[in-house]
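Given next are the chains, with one letter for each unit.
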Amino acid sequence: QVQLVESGGGLVQPGGSLRLSCAASGIDFRGVVMGWYRQTPGNERAMVAEIDSGFHTIYANSVKGRFTISRDDVKSTVYLQMNNLKPEDTAVYYCASRVTLEIQSWGQGTQVTVAS
């Protein structure tokens, strides 16, 4: 049974930083693509960043230069370091895993709110 558990969300002021974590279990972590997605009310879930088994990364244009995704295969954990946060980064952030192009599993989500 695959389980993805996010942590690290919260309230932060514009320009601040947060680090999200996602601990995975029940999967061959080293062999999957891990990603972070976010969703705001009335909108579809959108990719923020992904990292594959070779540690190659991709980012949404809106977060390039501010967010960094990383993974620790020993701890089966993926991270999202978010710097210089903006109000438009406010969303529920979800961790996801996939082997093919289709998402295999989702975490429960963690709220990130950027406000003064």
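A brief look at the structure comes next. (Residues numbered from 1 in each chain as written. Predicted model: local features only at pLDDT ≥ 70, side-chain atom pairs only at ≥ 80, totals over all residues. Heavy atoms only, no water.)

### Side note on the environment of Phe 67
Then step 1. With respect to the helices, strands and loops of the structure, Phe 67 is situated in strand β7 (residues 67-72).
Then step 2. Relative accessible area serves as the criterion here: at 3%, Phe 67 is assigned to the buried category.
Then step 3. Each C-alpha atom of the pair Phe 67 and Ser 17 lies 9.4 Å from the other, and the pair is 50 residues apart in sequence. (Helix = DSSP H or I, 4+ residues; strand = E, 2+ residues; numbered from the N terminus. Buried < 20%, exposed > 50% of the residue type's maximum accessible area, 1.4 Å probe, protein only.)

### Quick look at the packing of aromatic side chains
Then step 1. Scanning the model with the defined rule gives 2 aromatic pairs in all.
Then step 2. For the ring pair Tyr 37 and Trp 106, a centre distance of 5.1 Å and an interplane angle of 80° mean the geometry is edge-to-face. Of this pair, Tyr 37 sits in strand β4 (residues 33-39) while Trp 106 sits in strand β10 (residues 103-106), and the two are 69 residues apart along the sequence.
Then step 3. Judged by relative accessible area, which is 12%, Tyr 37 ranks as buried.
Then step 4. Between Tyr 94 and Trp 106, the ring centres sit 6.3 Å apart and the planes meet at 85°, which makes this aromatic pair edge-to-face. With Tyr 94 in strand β9 (residues 91-98) and Trp 106 in strand β10, this residue pair connects regions lying 12 residues apart in the sequence.
Then step 5. Tyr 94 sits in the buried class, given a relative accessible area of 12%.
Then step 6. Put simply, the rings of Tyr 37, Tyr 94 and Trp 106 pair up and form one aromatic cluster.
Then step 7. Against the face of Tyr 79 rests Arg 19, its NZ or CZ located 4.0 Å from the ring centre.
Then step 8. In this arrangement the basic side chain of Arg 71 is found over the ring face of Phe 29, its NZ or CZ atom lying 4.7 Å from the centre. (Phe/Tyr/Trp six-rings, centres within 6.5 Å; stacked < 30°, edge-to-face > 60°. Lys NZ or Arg CZ within 6 Å of the ring centre and 35° of its normal.)

### So, the environment of Ser 76
Then step 1. One can find Ser 76 in the loop between β7 and β8 (77-82).
Then step 2. Linking Ser 76 and Cys 22, residues 54 residues apart in sequence, is a C-alpha distance of 8.4 Å.

### Brief notes about the pattern of salt bridges
Then step 1. A complete count under the given rule lists 4 salt bridges for this structure.
Then step 2. Salt-bridge contacts for Asp 89 lead to Arg 66; the nearest nitrogen and oxygen are separated by 2.7 Å. Highlighted residues: Asp 89 in the loop between β8 and β9 and Arg 66 in the loop between β6 (57-59) and β7, separated in sequence by 23 residues. Arg 66 shares its class with Asp 89; the two are buried.
Then step 3. The salt bridge partner of Arg 71 is Asp 73, with a shortest N-O separation of 2.9 Å. (Salt bridge = Lys/Arg side-chain N within 4 Å of Asp/Glu carboxyl O.)

### Description of unusual backbone geometry
Then step 1. Phi at Phe 55 takes a positive value of approximately 70°, unusual for a residue other than glycine.
Then step 2. Relative to the helices and strands, Phe 55 resides in the loop between β5 (46-51) and β6.
Then step 3. According to the relative accessible area criterion, Phe 55 is partly exposed, its value standing at 44%.
Then step 4. With phi around 50°, Ser 76 is a residue other than glycine that occupies positive phi space.

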